[in-house]
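Below are the chains, spelled out letter by letter.
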Amino acid sequence: MALISTGKYLKREALTTTGANYRIIACYEDEISLGDGSGTEKKWLLELENLKPLVMNSTNIKAAVDCLGTAETDEWVGQLICAYDDDQIMFSGRKVGGVRLRAAKKPAKSSKPTTEDAPF
């Protein structure tokens, strides 16, 4: 079950482990405040429809490039990508979980026959 998360950026609690497809609205670099109050750092942000912006790490950047077939972020706009909560993500030797990206899930085929399925 997804929970409402507070804060400015997307957190894993806002997603499910099965994930869902989201349309990409934008991808851009911006200054992000460091959590320890020591200043800011330039990071890539991925804006997905109906979600808070995702602060991209190198793993998610590589996943997006692989899924979308290009490193040109302007070409990502309008494309679908699946965002999900991955509880297997490790940090400093312990499982912390986090947001991951993968290729958009294909829509399930309808079991209702269509005229294209008719044998005549």
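Right above here is the structure, for reference.
The paragraphs below set out a description of the structure included in this document. Quick caveat, the model's predicted, so the values are computed rather than measured. (Residues numbered from 1 in each chain as written. Predicted model: local features only at pLDDT ≥ 70, side-chain atom pairs only at ≥ 80, totals over all residues. Heavy atoms only, no water.)

**Concerning the packing of aromatic side chains**
And step 1. Overall, the coordinates contain zero aromatic pairs when judged by the stated rule.
And step 2. One Lys or Arg, Arg102, reaches over the ring of Tyr84 and ends 3.9 Å from the middle of that ring. (Phe/Tyr/Trp six-rings, centres within 6.5 Å; stacked < 30°, edge-to-face > 60°. Lys NZ or Arg CZ within 6 Å of the ring centre and 35° of its normal.)

**Re the nonpolar core**
And step 1. Core analysis: the largest hydrophobic core is formed by 17 residues, its most contacted members being Leu46, Trp76 and Leu101.
And step 2. Within the residue set of this core, elements represented by two or more residues are strand E1 (20-33), strand E2 (40-48), helix H1 (58-68), strand E4 (80-86) and strand E7 (98-103).
And step 3. Leaving out residues up to four positions away in the same chain, Leu46 has contacts with Ile24, Ala26, Cys27, Pro53, Leu54, Met56, Trp76 and Leu101. (Core = buried A, V, L, I, M, F, W, Y, C linked by side-chain atoms within 4.5 Å. Buried < 20%, exposed > 50% of the residue type's maximum accessible area, 1.4 Å probe, protein only. Helix = DSSP H or I, 4+ residues; strand = E, 2+ residues; numbered from the N terminus. Contact = heavy atoms within 4.5 Å.)

**Side note on the pattern of salt bridges**
And step 1. Summed over the entire model, instances satisfying the criterion amount to two salt bridges.
And step 2. Between Asp85 and Arg12 there is a salt bridge whose closest N-O contact spans 2.7 Å. Here Asp85, found in strand E4, pairs with Arg12, found in the segment before E1; they are 73 residues apart in sequence, far enough to count as distant.
And step 3. Take Asp85: its relative accessible area is 12%, and that puts it in the buried class.
And step 4. With a relative accessible area of 24%, Arg12 lands in the partly exposed category. (Salt bridge = Lys/Arg side-chain N within 4 Å of Asp/Glu carboxyl O.)

**Re the environment of Gly39**
And step 1. Its place among the elements puts Gly39 in the loop between E1 and E2.
And step 2. In this structure Gly39 touches Ile32, Ser33 and Leu34, once residues within four positions along its chain are discounted.

**A closer look at H1**
And step 1. Inspection of H1 places Asn60, Ala63, Ala64 and Leu68 among the buried residues, and these make up the whole buried set. Taken down its axis, H1 places every buried residue within 110° of arc, on the same side. In H1, the exposed residues that point more than 90 degrees away from the buried face are Lys62 and Asp66.
And step 2. Where H1 is buried, its residues meet E1, strand E3 (54-55), E4 and E7.
And step 3. You can read the cap of H1 off the contacts: a side-chain oxygen lies 3.2 Å from the backbone nitrogen of Thr59, and it is on Asn57.
And step 4. Gly69 sits one or two positions beyond H1 and adopts a positive phi of about 80°. (Arc of directions from axis to C-beta. Polar contact = N/O pair within 3.5 Å; in protein donor to acceptor, adjacent residues only side chain to side chain.)

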